[in-house]
Each structure stands twice: as structure tokens, then as C-alpha cells.
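Observations on the three-dimensional arrangement
This is what each chain is made of:
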Amino acid sequence: MKNNIKYLAVLALGLVACEPEFDNPIDEPGVFTSGEADFSNYVALGNSLTAGFADNALYITGQENSYPNILAGQFELAGGGEFTQPLMADNTGGALLGGTQILGNRLVLAVDAEGNPGPVTYTGGMPTTEISNNLGSSFNNMGVPGAKSYHLAAPGYGNVAGVAAGLANPYFARFASAADATVIGDAVAQSPTFFSLWIGNNDILSFATSGGVGEDHNVTGNIDPATYGSTDITNSNVFASVYNDLLAALTAGGAKGVVLNLPSVTSLPFFTTVPTNAVPLDAQTAAFLNSQFAAYNTQILPGLAGLGLISAEEAGSRQINFVAGQNFVTIVDESLTDISAIIQGPPFNLDPQTAGLLGQLRQATSSDLIPLTSAGNIGVDLAGDGTLISGVSVPLGDADVLTVAEQAAVANAQDAYNAAIRALATANGLAFVDVKSLLQQAAGSGIPFDSGVVTSTFVTGGGFSLDGVHPSPRAHAIVANAVMEAIEDTYGASLPSVNPGDFGTVTLSNDVN
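No experiment lies behind these values; they were computed from the predicted model shown. Along each chain, numbering runs from 1 in the same order as the chain's sequence is written. In keeping with the model being predicted, local features are shown solely for residues with a pLDDT of at least 70 and side-chain atom pairs are shown and tallied solely at 80 or more, while totals for entire chains, interfaces and linings include all residues. Computation of side-chain values: all heavy atoms of the structure, hydrogens and water removed.

Each helix and strand in the protein was counted, giving 16 helices and 15 strands. Since a compact globule built from 513 residues should have a radius of gyration of about 24 Å, the 25 Å found for the protein is in line with a globular shape. Seen along its three principal axes, the alpha-carbon backbone of the protein occupies a region of about 80 × 50 × 45 Å. Within the protein, the fraction of its 513 residues that count as buried is 54%. Pairs at least 24 apart in sequence give 76% of the contacts found in the protein among residues at least 6 apart. The helix and strand labels rest on DSSP assignments: H or I over at least four residues marks a helix, E over at least two residues marks a strand, and numbering proceeds from the N terminus. Throughout, radius of gyration means the C-alpha value; the globule benchmark is 2.2 Å times the number of residues raised to the power 0.38. Burial classes follow relative accessibility: with a 1.4 Å probe on protein chains only, a residue under 20% of its type's maximum area counts as buried, one over 50% as exposed, and anything between as partly exposed. Note on definitions: a residue-residue contact is assigned when non-hydrogen atoms from the two residues lie within 4.5 Å.

A surface patch of nonpolar side chains, amounting to about 250 Å² of accessible area, comprises Leu 307, Leu 309 and Ile 342. As for its placement among the helices and strands, Leu 309 is situated in the loop between α11 (294-306) and α12 (312-317). Like-charged residues are merged into a patch within 9 Å and nonpolar side chains (Val, Leu, Ile, Met, Phe, Trp, Tyr) within 5 Å, provided each residue has over 30% relative accessible area and no salt bridge. Areas reported as accessible are Shrake-Rupley estimates using a 1.4 Å probe. Residue values count occlusion only from the protein chains shown. The salt bridge criterion pairs a side-chain nitrogen of Lys or Arg with a carboxyl oxygen of Asp or Glu, the two atoms within 4 Å.

Right, let's talk about the sheet that holds strand β8 (residues 256-260) for a bit. Pairing between strands requires that DSSP locate at least two bridges from one strand to the other. An order of β6-β1-β7-β8-β13 is seen for the five strands of this open sheet, with the pairing classed as parallel. At either margin of the open sheet sits one strand with a lone partner, and together these are β6 (141-143) and β13 (431-433). In this sheet, neighbouring strand axes are inclined to one another by 15° on average, regardless of whether the strands run parallel or antiparallel. Against the sheet, helix α3 (residues 67-75) touches β1 (42-46), β6, β7 (194-198) and β8, its axis set at about 165° to β1. A fitted line through C-alpha atoms represents every axis, and for helices the fit uses only the stretch in contact; the resulting angles, taken between N-to-C directions, go from 0 to 180 degrees.

What follows covers the nonpolar core. The biggest cluster of nonpolar side chains holds 143 residues, and the ones touching the most others in it are Leu 197 and Ile 487. A per-element tally of this core places helix α16 (residues 473-491) first, with 10 residues. Residue contacts for Leu 197: discarding those within four places in its chain leaves Leu 45, Leu 152, Tyr 243, Leu 246, Leu 247, Leu 250, Val 258, Val 259 and Leu 260. Nine residue types can take part in a nonpolar core, namely buried Ala, Val, Leu, Ile, Met, Phe, Trp, Tyr and Cys, and a core is a set of them joined through side-chain atoms within 4.5 Å.

Here we come to α3. Each full turn of the α-helix corresponds to 3.6 residues, which orients residues three or four apart in the same direction. Among the nine residues that make up α3, seven are buried, leaving the element largely enclosed by the rest of the structure. Residues of α3 that are buried make contact with β1, α1 (48-51), β6, β7, β8 and α16.

For the pair α3 and α16, interaxial distance at closest approach is 8 Å and the crossing angle is 50°. By the criterion of interaxial angle, the relationship of α3 to α16 is oblique. Helix-helix and strand crossings are classified by hand; for α3 and α16 the assignment is right-handed. Facing α3, whose interface residues are Tyr 67, Ile 70, Leu 71, Gln 74 and Phe 75, α16 presents Pro 473, His 476, Ala 477, Val 479, Ala 480, Val 483, Met 484 and Ile 487. In the scheme used here, Gly and all other residues not listed as nonpolar or charged are polar, with Ala, Val, Leu, Ile, Met, Phe, Trp, Tyr, Cys and Pro taken as nonpolar and Asp, Glu, Lys and Arg as charged. Tallied by class, residues from the contact of α3 with α16 come to 11 nonpolar, two polar and no charged. Should an angle lie under 35 degrees it is considered roughly parallel, over 145 roughly antiparallel, and from 65 to 115 roughly perpendicular; all remaining angles are considered oblique. By convention, the crossing between two helices is left-handed when the near helix turns anticlockwise from the far helix through less than a right angle, and right-handed when the turn is clockwise.

What follows concerns the side chain of Asn 169. Considering the arrangement of structural elements, one finds Asn 169 in the loop between β6 and α4 (170-173). At a separation of 2.8 Å, a polar atom in the side chain of Asn 169 contacts the main-chain amide nitrogen of Tyr 171. Among residues more than four places away in sequence, those in contact with Asn 169 are Val 144, Pro 145, Gly 146, Ala 147, Tyr 157, Gly 158 and Val 163. Two N or O atoms count as a polar contact when they lie within 3.5 Å, although within protein this holds only if one can serve as hydrogen donor and the other as acceptor, and sequence-adjacent residues are included solely when both atoms are side-chain atoms.

One can find Pro 119 in strand β5 (residues 117-121). Owing to a relative accessible area of 23%, Pro 119 belongs among the partly exposed residues under this scheme. Along the primary structure Pro 119 and Leu 250 are separated by 131 residues, whereas in three dimensions their C-alpha atoms are 39 Å apart.

Time to look at the side chain of Asn 41. Mapped onto the fold, Asn 41 is located in the segment before β1. Polar side-chain contacts of Asn 41 include one of 3.2 Å to the side chain of Asn 140. Every residue in contact with Asn 41, bar those within four places of it in the chain, is listed here: Asn 140, Gln 190, Ser 191, Pro 192, Thr 193 and Phe 194.

Another point: α16. Expected span, for any helix, means 1.5 Å times one less than how many residues it has. Its 19 residues give α16 an end-to-end C-alpha distance of 26 Å, which sits within 8% of 27 Å, the value for a rise of 1.5 Å per residue. Counting buried residues in α16 gives 15 out of 19 residues, a clear majority hidden from the surface. Looking one or two residues beyond α16, the residue adopting positive phi is Gly 492, at roughly 70°.

A word on the packing of aromatic side chains. Note on ring pairs: Phe, Tyr and Trp rings are taken, using the six-membered ring of Trp, and paired if centres are within 6.5 Å. Classes follow the plane angle, with under 30 degrees stacked, over 60 edge-to-face and the rest tilted. Under the definition given, this model contains 18 aromatic pairs. Geometrically, the ring pair formed by Phe 39 and Phe 194 is edge-to-face, given 5.1 Å between the ring centres and 85° between the ring planes. One end of the pair, Phe 39, is in the segment before β1; the other, Phe 194, is in strand β7, and 155 residues separate them in sequence. Here Phe 39 falls in the buried class, since its relative accessible area comes to 2%. The exposure class assigned to Phe 194 is buried, which follows from its relative accessible area of 0%.

In C-alpha cells, the structure reads:
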């Protein structure tokens, strides 16, 4: 069976060009004010969303279009000072450590041999950013891609000696003030007069993008982040405590600021682009597959239910049925009873390979989510003879699907994090931005601006970069406007909004530089 799963519509490429579309005259200084805020030394703290990471990489254009850099440009009209960023060396993305590439190049939009547009890794050049070349200075943009909440206070997170072993962050290693420095320490050392804090997304995102491979520490009760795996969900009490400490440090010198909550990660194009009914079958193939699963449906599942080894409800949910047309993929669901050992014994006596395939098997439903990166794993002929087709006769693995139960774990943690962010913003008298509602609007009717609408539709919606997770420059402009509105409401400032139409969306070719 040929892997012919298509999830991208043919694009009218001219509609998503990345060059500015409109002229937006700069307002004259003196009209705008900072109100009770002081923008003279603005420091932005966060992760990839703050750094300007896009298209699965950090590169100059993305950094220049980050929401903090956009904000700083508007702050200049109300007493704001210089805003510096740890710019990468090029627009290729990726990075080197000791001359060896350790971070991949960015994604660009290309067209395959069949005329289908889609994201591919840029191959037009090697990166020139060397991680071991410390820039020797702290910067106003302290966004560190990959950082979770507790990483911002972790000594040694920027120790270049730990990068190769995965013990330190390569992006922070470029500008950490010392081997044992912390992100929050270096931020506070700059004596900011105003700050922004957008952190916490990675505390749940890595679990979600891995298809739920990891531990949920709201279930385990583990409150020691030093023992967490890279794809684990941070305990919500740990998050609240860390967030409180971050704000205490940032406000200790009297700085005012703005905090942003977390969008629903399962509403990102990374999870909403690939359909779960992605398997096209003709009537003959569907009938053949149904014959292969007949004993499983009519003997094994009822038999196990009759023995009380699984419930009748579970037996029903595990039925496999194919039809002519589009079909739901088969998946491994770790929440199901593992029957692989049971069905190797009497009365079923299946061989270990077949038993293993049936162990936690079911078909996906419309409520499950398939990560964007798993699209290429559907419909692959694993044996080369048409007998073992991934997502059909061989279920997709746990990492290829985010089940309803896994989505609930993510949503519960996110709700707890957002409740803490909102409460701590109120307690500290800080401006608050509801990014979650912004994304919900983008995923629904879209966010209008004077020349169009930004949605979360992959590529064509204009809101997200080619990795399906990180905002496009246009979306950063929308976030910047929301931040300025919150600042005006909280501190009585008057700031000029930006025109999202002046900011690009995705890169249409390999000509990135």
C-alpha cells in the first residue's frame, strides 16, 4: 500500500507571502505615554515563544519578529530604551557545537514531485552559529527555547560543558553570564524596569507532542523536577511555586510587568491537521481486512469479556471495522488492558507476533489526535509485500497518537497552570494577557485585522509557522497588540498598536537569506 496520506491543501502561494503587505506610518513620538509603567529597561523572560523560535528553529528573522522585539519598538515611543537580543548568526537555523551540527536547520515550504506543498528541512546551507562562542553579555530578550518553568531557576542550565550530554540548554549557553548562572538571575541582574513573562507551555507541550509518552506528575505526585523526564508533565503545585518565585524576583526591585497565560496545546495545527480517518480503502481491500480481523472481533474480544478479563464496554471499543472510503487508523492505546500474554494461551493460542499486535489495539476515533510529525508513519508498507501496513494491519505506536485520556491530562495541567498565572498576576498587580482565548478565536472564526483574518489552519491560516506549534510573525504582532492592550488597561499607558498585515507568515522557498 503506497503511503499517499495528504494533509495539505494546494496553496495559492501568493496569499501567504512573507513580505509586508501594507504601509503603516509610524506615529509621532510624544503622543504616547507609559502611564504608571517605565519601559526604559524592558526585559522579556520565557521560552521559544519569547525568543522568536519558528519553523522548528531559531533564526534571525524569527527573532526580529518576536513579540518582545515588536513591543520594544512600540515602547520606544513611550520612553522605552534599547532592546537587545542574542541573535543567531544566520537565517538557516540550526547550530554547531565544536564545529559539529547539533541543532537542525529550519523548515521551509517546498513542493514535492507530485505538486504537493509541504514543510521540508532547509538544505541550502549549513548553520554558522557556534554554541560554544559565548556572546559575553546578557540581553533584554531572555527567551530560551526548550525551557520549562523550573529551568529558569536551574543553576548550570547554560553551562556549555553540559550541552552535549543534554544537561544544559544550547541556546542559554550562548549568553549565560557564568557556567552556574540561572536565566532568572541573569534577567534580574539587568535591573529591569518592566518585564514580560510567558512560561509554562513546555511543561505540558513535550508530553503532548510525544504522543503522551511521559509521566503526569499530577498523578504520580512527584514534586522534584530534578527527577523529571523530558516529556513529563510538571506537577501543578511545582509550577505555581516556581512561577511565584519568578515573579517575586522580577518585582523585587519595583518593576512592573505583564504575564501571559498558556494556549490550549491541542488546538495547535500540530495536532489538528492530520485526520484520524486518514486511510483510504476500496471495497475489496476493506473486505479482506475485515476477514483478517473477524476472529478478533467475534471470538477473542467476546471471549475475554465473557471470562471477565475485559469489560463489555472495552470489548466494544476495540472492534476493528473497515469500509470502502476513508477509515480510522489502528492505534496502540496504553489505557486498554494488555491482552497480549493472555491470548497466547488457551483457548486462543496465538503466536507472539500476532498477540503483540492485538495487545492494546483499537481504531482511532475523531476525538483522538495525530501529531503532524506522525503523518508520514501512516500507510507505510513495513514488510514490502503489502502484509504489514502501519495504521492498518499494524497499529500506530503510542508516540503517534494523543488519546482522549492523554489530552485530558494535558488540559487539566494547563487549567491549573493558567489559574496560578491569573491569581499571581492579580496578587502582584500585573497586566494579564489571555492568550488561550486568542488561540481559541484563531481556531474558530479567526482573528480579523484590517486586511484579512488570521486562523490556526496549517500554512494557509497565517497564524503559525511550519512546525505547527510556534507563531508566525503575523501572530507575534497580534500577541504584541494584546499585550499592549493589557498594559494600557492596567497601567494607564497609551501605546500604538501594530498592523498584523505588515508582518509575514511562512517562507515560500529555500531562499531564506
